[in-house]
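What the coordinates show
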Amino acid sequence: MTAEARSRRRTTTLPGAFGVFVRRPSPWIIATLAAGALAARIAVGDWQPTDALVAGVMLASFPLTEWLIHVCVLHWRPRHLGRFTLDSLLARKHREHHADPRRVDLIFIPWQTFLWLFPILIAVAALGFPRIGLGLTFLLVLGALGLAYEWTHCLIHTDYQPRSRLYTAIRRNHRLHHFKNEHYWFTVTSSGTADRLLGTCPDPAATPNSRTATALHGTGR
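Reference entry: report on the structure contained in this document. Given the structure is predicted, the values throughout are model-derived calculations rather than measurements.

Right, let's talk about the packing of aromatic side chains for a bit. Centre distance and the angle of the planes are the two values used to describe a pair of aromatic rings. Taken as a whole, this structure holds 9 aromatic pairs when the rule is applied. For the ring pair F21 and F108, a centre distance of 6.2 Å and an interplane angle of 45° mean the geometry is tilted. Here F21, found in helix α2 (residues 14-22), pairs with F108, found in the loop between α5 (89-99) and α6 (113-127); they are 87 residues apart in sequence, far enough to count as distant. Accessibility classification places F21 together with F108 in one group, the buried group. Between W67 and F186, the ring centres sit 5.8 Å apart and the planes meet at 75°, which makes this aromatic pair edge-to-face. Taken as a pair, W67 in helix α4 (residues 49-74) and F186 in the loop between α8 (165-179) and α9 (194-198) lie far apart in primary sequence, 119 residues in all. A cation sits over an aromatic face here: R41 above W47, 3.8 Å from the ring centre. Of note, R79 hangs over the ring of W76, and the distance from its end group to the ring centre comes to 4.1 Å.

In this model, D46 sits at a positive phi of 55°, which is unusual for a non-glycine residue. Residue placement: D46 occurs in the loop between α3 (25-44) and α4. Phi at W185 takes a positive value of approximately 60°, unusual for a residue other than glycine. Relative to the elements of secondary structure, W185 occurs in the loop between α8 and α9.

All chains considered together, the criterion is met by 7 salt bridges. The salt bridge partner of D159 is R102, with a shortest N-O separation of 3.1 Å. Placement of the pair is D159 in the loop between α7 (132-156) and α8 and R102 in the loop between α5 and α6, with a sequence separation of 57 residues. On the basis of relative accessibility, which here comes to 10%, the residue D159 falls in the buried class. Judged by its relative accessible area of 31%, R102 falls in the partly exposed class. Three or more residues joined by partner-sharing salt bridges are found here, namely R41, D46, D51 and R131.

Thresholds applied
Residues numbered from 1 in each chain as written. Predicted model: local features only at pLDDT ≥ 70, side-chain atom pairs only at ≥ 80, totals over all residues. Heavy atoms only, no water. Phe/Tyr/Trp six-rings, centres within 6.5 Å; stacked < 30°, edge-to-face > 60°. Helix = DSSP H or I, 4+ residues; strand = E, 2+ residues; numbered from the N terminus. Buried < 20%, exposed > 50% of the residue type's maximum accessible area, 1.4 Å probe, protein only. Lys NZ or Arg CZ within 6 Å of the ring centre and 35° of its normal. Salt bridge = Lys/Arg side-chain N within 4 Å of Asp/Glu carboxyl O.

As structure tokens, this is what we get:
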């Protein structure tokens, strides 16, 4: 079986989906960040109520953050400035993902992204909080949210069938985004949430099918 065929074969069980998940680099990279942040957080100590506050705010705002990244970064339309084209790796890979939603390597965050993202996040944790423990709490929660995102997105793109109402709704919304109309249903790890708040969760029956759902901006790349 070719690598291309393996990347599209049916995965119908949770163990099978988890096997796909752990064979990709991004979950391990994110888990390393989370584990390092956890170890450092335990070593630093100095737990305060603001640690719970930061974690709570991050959890509550994650659907909106996810929506903004999906709309503004992943669905970025290439811009041309003279001879230069403004088009990130994340946006290019996401267009490829829409063109071929079953291709496994395109489901996950490109590993190259972490080469610049992690230094920025570590700098924010070190300089953007009044104490180092709070910055480490930020990194720890961010790592957990990143793993939740990667796992949920991976599972949605397998053939595993939902067994809970929550996952059924999450899977349905994301598949509507991919196969009905890419201008709606931008949340991935929750059911609607930010989409309802920002007006991108319409009635599917009243929403027209998009001709560019698999070819974002009409490019397919």
